[in-house]
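Take a look at the letters that make up each chain.
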Amino acid sequence: MPSFSPEDWAAIRLTLELAATTTALLLVLCTPLAWWLARTRSRWRGPVGAVVALPLVLPPTVIGFYLLVTMGPNGPIGHLTTALGLGRLPFTFPGLVVGSLVYSLPFAVQPLQRAFESLGPRALEAAATLGAGPLDRFFTVALPLARPGFVTAAVLSFAHTVGEFGVVLMLGGNIPGVTRVVSVQIYDHVEAMEYTQAHWLAGGMVVFSFLVLMALHWLQPREPRP
Amino acid sequence: MAHLKNPILRSLALAGLALIGLQAQAGEVSVAVAANFTAPMQKIAADFEKDTGHKAVLSFGATGKFYAQIANGAPFGILLAADDATPAKIAKEGLGDGATRFTYAIGQLVLWSKQAGYVDAEGKVLHKTDWQHIAVANPKLAPYGLAAMQTLDKLGLTAQVQPRIVQGENIGQTYQFAASGNAEMAFVALSQVTENGKLREGSGWVVPANLHETIRQDAIVLKPAQGNEAATALMQYLRGDKARAVIQSYGYSF
């Protein structure tokens, strides 16, 4: 009975690495951003919020195409990374991480922002009265209270990055073990008419996605029943 | 029509018949076109409509994807494939009419760079080590990718070049990798970088035909269009001088 080939396994491992790296970075980078969005009265709140949400509505090929061009030898990011001695990002794992950060950004920022918004001022004010400084209040009061938001952000970012296709296709160059993720591998199987292998991976994706969404459901604190 | 004595009624009936006749004549056929043949086919379809009154509705994409769609009941009338294997498979599986199969174009492979003077006239640049990336279409999916790998094999360069290969899913994407400058050069279809028989920009080496298997691009009439007059007319038109002139101007042969 056919099952996953070594190439399939390499793609699965790479996809999990990419999703884990992206999720970890997103949680770190998006926490201050979401905090600012949740609490600021700046007139920049609207525009910044819209930019954060852009990847939700843009086709991934648009994101991938612009990243390919801006990271290329004639693009601003390409100039920057070359000047910093990092070389160019397309066709590399770090390049895919950057693409995934952009692609999954709203899936991390928005749940965190909702969580911070729903905290309300009272707990933080109480902590302030008890003498807690701003950083202390953030780490010992706000973060623990916003825990469900972090769980949602982490699960959604991870799952969304696993499901990424268009951006990787545009940026990756389909290099085995470096940029060939599961979704691209499935695409290749289908195009090459290797439907059995395609079914194994595609079916795996369906099961995985279902389990992730179920996990999200279980991990959420329930509303107490009256 | 002898019983239609009234001349008005008679002319009306004739007009009606003529309309029906016109409808049968000005047919429509949907065509799945291999991505590399996009530009010439747009021109040919416009000429075809002007010359015959029939309309060809074009969809562009990868041949493998078209096969999957056709096998699952896509209503395409004609497939202009990027290879000869897919139409053969379609004929064998009864998804199309094998008798209509013919080679509408033979593709030419070119090693191309966006930079002028980068690729020399003999492709010696392949032996150099001062470049980082060469874009090649996935050889499993794209005939041009397969021809590129055969060429590297024949030149004995596969092992040396392999680590620097980046793959496009089709030659459109492969071209994009080189056109954006991210890969110094790419193996693409001559049709992608040629206009009126000349390179549009950059530099290129047309790979000699003896370095790889012939890239035969075959056409076939599919089941949904059996008996469709427009489909038959288009297959005929593709063999005509006018269409062939267009095909040739994009760097294909026959």
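Being a predicted model, the structure only gives us computed values, none of them experimental. (Residues numbered from 1 in each chain as written. Chains lettered and ligands numbered in written order. Predicted model: local features only at pLDDT ≥ 70, side-chain atom pairs only at ≥ 80, totals over all residues.)

### Remarks on the overall build of chain A
Convention followed: Strands here are runs of E lasting at least two residues and helices are runs of H or I lasting at least four, both read from the DSSP assignment and numbered beginning at the N terminus. Note on contacts: each residue gets a C-beta atom placed from the backbone, and two residues are in contact if those atoms are within 7 Å.
Summing up its helical and strand segments, chain A has 11 helices and zero strands in all. The secondary structure elements of chain A, listed N-terminal to C-terminal, are α-α-α-α-α-α-α-α-α-α-α. For the C-alpha atoms alone, the extent of chain A along its principal axes is close to 65 × 50 × 25 Å. The long-range share in chain A, meaning contacts at least 24 apart out of those at least 6 apart in sequence, stands at 73%.

### Let's talk about the interface of chain A and chain B
Operational definition: Throughout this entry, Asp, Glu, Lys and Arg are counted as charged residues, while Ala, Val, Leu, Ile, Met, Phe, Trp, Tyr, Cys and Pro are counted as nonpolar. The remaining residues, Gly among them, count as polar.
Contact residues are listed per partner, giving 18 residues for chain A and 16 residues for chain B. Every element with two or more residues in the side of chain A that touches chain B is listed here: α3 (60-71) and α10 (182-191) of chain A. In terms of residue count, the dominant contributor to the side of chain A that touches chain B is α10 of chain A (four residues). For the side of chain A that touches chain B, the per-class residue count stands at 11 nonpolar, four polar and three charged.

### Some thoughts on the confidence of the model for chain A
Where we set the bar: The predictor attaches a confidence to each residue, called pLDDT, with possible values from 0 through 100.
For chain A, the average pLDDT comes to 90, and 96% of its residues sit at 70 or higher. By mean pLDDT, the top-scoring element of chain A is helix α5 (residues 93-117) of chain A (96), and the lowest-scoring one is helix α6 (residues 122-129) of chain A (85).

### Quick notes on the domain arrangement of chain B
Residues and elements named next belong to chain B. We count it as follows: Residue ranges for the domains originate in an automatic or database domain assignment.
Partitioning chain B into domains gives domain 1 (27-107 + 215-249) and domain 2 (109-206). Once you take the C-alpha centre of each, domain 1 and domain 2 turn out to be 27 Å apart. Taken residue by residue, the interface counts 11 residues in domain 1 and 14 residues in domain 2. Residue composition of the side of domain 1 that touches domain 2, by class: six nonpolar, four polar and one charged.

### Description of the pairing of strand β1 (residues 28-34) of chain B
All names here are of chain B. Going by this rule: Each residue is classified by how many other C-beta atoms fall within 10 Å of its C-beta atom, where C-beta atoms are placed from the backbone; a count of 20 or more means buried, 12 or fewer means exposed, and values in between mean partly exposed. At least two DSSP bridges between two strands are required for those strands to pair.
Across the seven residues that make up β1, a large majority, six, are buried. Bridge analysis of β1 against strand β2 (residues 55-61) gives seven bridges, and the strand direction is parallel. The residue of β2 that forms the bridge with Val33 is Phe60. Pairing between β1 and strand β3 (residues 78-80): three bridges, direction parallel. Directly across from Val31, in β3, lies its bridge partner Ile78.

### Some thoughts on the nonpolar core
What counts, and what does not: Here, a nonpolar core denotes buried Ala, Val, Leu, Ile, Met, Phe, Trp, Tyr and Cys residues that are linked to one another through C-beta atoms within 7 Å.
Ranked by internal contacts, the top residues of the largest apolar core, which has 76 residues, are Ile78, Leu79, Leu80, Tyr144, Ala186 and Val188 of chain B. Ranked by residue count, the leading element in this core is helix α5 (residues 143-154) of chain B, at six residues. Contacts of Tyr144 of chain B, omitting those with residues within four sequence positions, involve Asn36, Gly107, Leu109, Ala137, Ile171, Phe187, Val188, Ala189 and Ile215 of chain B. Listed in part, the 46 residues of the second largest apolar core include Leu26, Leu89, Leu105 and Phe116 of chain A.

### Side note on helix α4 (residues 85-92) of chain B
All names here are of chain B. Rule in force here: When we speak of the arc, we mean the arc of directions from the helix axis to the C-beta atoms.
Within the sequence span of α4, burial applies to Thr86, Pro87 and Ile90. Burial along α4 is one-sided: seen end-on, the buried residues are contained in an arc of 95 degrees. In this structure, the buried residues of α4 make contact with α3 (63-71), β3, β4 (96-107) and β12 (215-222). Once α4 ends, the next one or two residues include Gly94, with phi positive near 75 degrees.

### Some details on the sheet that holds β2 of chain B
Residues and elements named next belong to chain B. Formally: Interaxial angles span 0 to 180 degrees and are taken between N-to-C directions of axes, which are lines fitted to C-alpha atoms, for helices over the stretch in contact.
One open sheet holds the five strands; their spatial order is β2-β1-β3-β12-β4, and the pairing between them is mixed. Bordering the open sheet on either side are β2 and β4, each of which pairs with just one other strand. Ignoring which end each strand starts from, the neighbouring axes of this sheet average 20 degrees apart.

### Description of the sheet that holds strand β7 (residues 165-168) of chain B
Residue and element names in this part refer to chain B. With mixed pairing, five strands are arranged side by side in an open sheet as β7-β6-β8-β5-β11. One side of each edge strand has no neighbouring strand; the edge strands of this open sheet are β7 and β11 (203-206). Here the average twist between neighbouring strands, direction ignored, is 30 degrees. Two elements, strand β5 (residues 109-113) and strand β8 (residues 185-189), share four bridges in a ladder whose sense is antiparallel. By the bridge assignment for β8, Leu111 is matched with Phe187.

### Comments concerning the packing of helix α2 (residues 38-52) of chain B against helix α10 (residues 241-249) of chain B
All names here are of chain B. Note the cut-off: These descriptions rest on fixed angle ranges, namely under 35 degrees for roughly parallel, over 145 for roughly antiparallel, 65 to 115 for roughly perpendicular, and the rest for oblique. If you view the pair so one helix is near and one far, a crossing is left-handed when the near helix is turned anticlockwise from the far one by less than a right angle, and right-handed when it is turned clockwise.
Interaxial distance between α2 and α10 falls to 9 Å at its minimum, and their mutual angle equals 160 degrees. Of the possible angle classes, the one that applies to α2 and α10 is roughly antiparallel. Like other packed secondary-structure pairs, α2 and α10 cross with a definite hand, here right-handed. Taking contact as the criterion, the partners of Pro40, Lys43, Ile44 and Asp47 in α2 are, on α10, Lys242, Ala243, Val246 and Ile247. Tallied by class, the residues present in the contact of α2 with α10 amount to five nonpolar, no polar and three charged.

### Notes on the environment of Val181 of chain A
Residues and elements named next belong to chain A. Within the fold, Val181 resides in the loop between α9 (166-172) and α10. On the basis of neighbour counts, which here come to 30 C-beta atoms within 10 Å, the residue Val181 falls in the buried class. The sequence separation of Val181 and Leu96 amounts to 85 residues, and the corresponding C-alpha distance is 10.0 Å. In contact with Val181, not counting residues within four places along its chain, are Ala11, Leu14, Thr15, Leu18 and Val168.

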